[in-house]
Amino acid sequence: MPYKDPAKRRAVQRESQARRRGASTPRQPRPPPALEALRYRTAEDVLRLLNEQVEELREDRTLTTAERARVAGFLAGIMLRSIETQDLARRLEDLEARFASVGALTAAGRRESSLGICS
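Notes on the structure in this doc start here.

Procedures and definitions
Residues numbered from 1 in each chain as written. Predicted model: local features only at pLDDT ≥ 70, side-chain atom pairs only at ≥ 80, totals over all residues. Heavy atoms only, no water. Patch = residues over 30% accessible without salt bridge, like charges linked within 9 Å, V, L, I, M, F, W, Y side chains within 5 Å. Areas by Shrake-Rupley, 256 points an atom, 1.4 Å probe, with all protein chains shown as cover. Salt bridge = Lys/Arg side-chain N within 4 Å of Asp/Glu carboxyl O. Helix = DSSP H or I, 4+ residues; strand = E, 2+ residues; numbered from the N terminus. Buried < 20%, exposed > 50% of the residue type's maximum accessible area, 1.4 Å probe, protein only. Expected span 1.5 Å × (residues − 1). Core = buried A, V, L, I, M, F, W, Y, C linked by side-chain atoms within 4.5 Å. Contact = heavy atoms within 4.5 Å.

1. Some remarks on a nonpolar patch on the surface
Then, number 1: Judged by side-chain polarity, Leu95, Phe99 and Val102 come together as a nonpolar surface patch covering roughly 270 Å² of accessible area.
Then, number 2: Tracing the backbone shows Phe99 in helix H3 (residues 65-101).
Then, number 3: The class of Phe99 is partly exposed, set by a relative accessible area of 30%.

Written out as C-alpha cells, the structure reads:
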C-alpha cells in the first residue's frame, strides 16, 4: 500500500470498494405498483408479494451472499407467519361452516355445543 497511515489506507480502500460496487451493471428501477396492488387483505396476498420479492432477491447480483442470505432468512420468517395465519384462517372458516351447518348459532347469537350447552 502506498499509504503508511492506516486510517488513510482504510479510507482509500473504502472509496475503492464503493467505486467497484457502483460500477456494476445498473439495475433498471421497477415501476411503482398501482395503489390497488398495495392493499393486501389476506395472507395469500402477502405470500404472493413475498414470493415476488424472493424471486427478485435471487436475480439480484449486486448483493453479496451474506446479504442475500440475511434477507432470504428475514423473508422466510415472514412467510412462515403468513402461512400459519392462512392455515388458522382456513381452520376457523371450516369451524364456522360446521357450526352454521348444524345450527349451532342460535337466534340470540349464542353458540351451542353438540351437547346443547350454551357458552
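Next comes the rest of the write-up.
2. Description of the pattern of salt bridges
Then, number 1: A full pass over the atoms with the stated rule returns 2 salt bridges.
Then, number 2: The shortest N-O distance in the salt bridge between Arg48 and Asp45 comes to 3.2 Å. Remark: Asp45 and Arg48 occur in helix H2 (residues 43-59); sequence separation between them is 3 residues, near one turn of the helix.
Then, number 3: Judged by relative accessible area, Arg48 falls into the partly exposed class, the value being 48%.
Then, number 4: On the basis of relative accessibility, which here comes to 18%, the residue Asp45 falls in the buried class.
Then, number 5: A salt bridge links Arg58 to Glu55, with the nearest nitrogen and oxygen atoms 3.3 Å apart. One end of the pair is Arg58 and the other is Glu55, both in helix H2 and 3 residues apart, which spans about a single turn.

3. Overview of H3
Then, number 1: Given a rise of 1.5 Å per residue, 37 residues ought to cover 54 Å, and the 53 Å separating the end C-alpha atoms of H3 matches this to within 8%.
Then, number 2: Within the span of H3, buried status applies to Arg68, Leu75, Met79, Ser82 and Gln86.

4. A closer look at the nonpolar core
A general feature of soluble globular proteins is that nonpolar side chains tend to end up buried together.
Then, number 1: Formed by Leu47, Leu50, Val54, Leu75 and Met79, the largest nonpolar core amounts to 5 residues.
Then, number 2: With 3 residues, the single largest contributor to this core is H2.
Then, number 3: When near neighbours in sequence (up to four residues on either side) are disregarded, Val54 contacts Leu75 and Met79.

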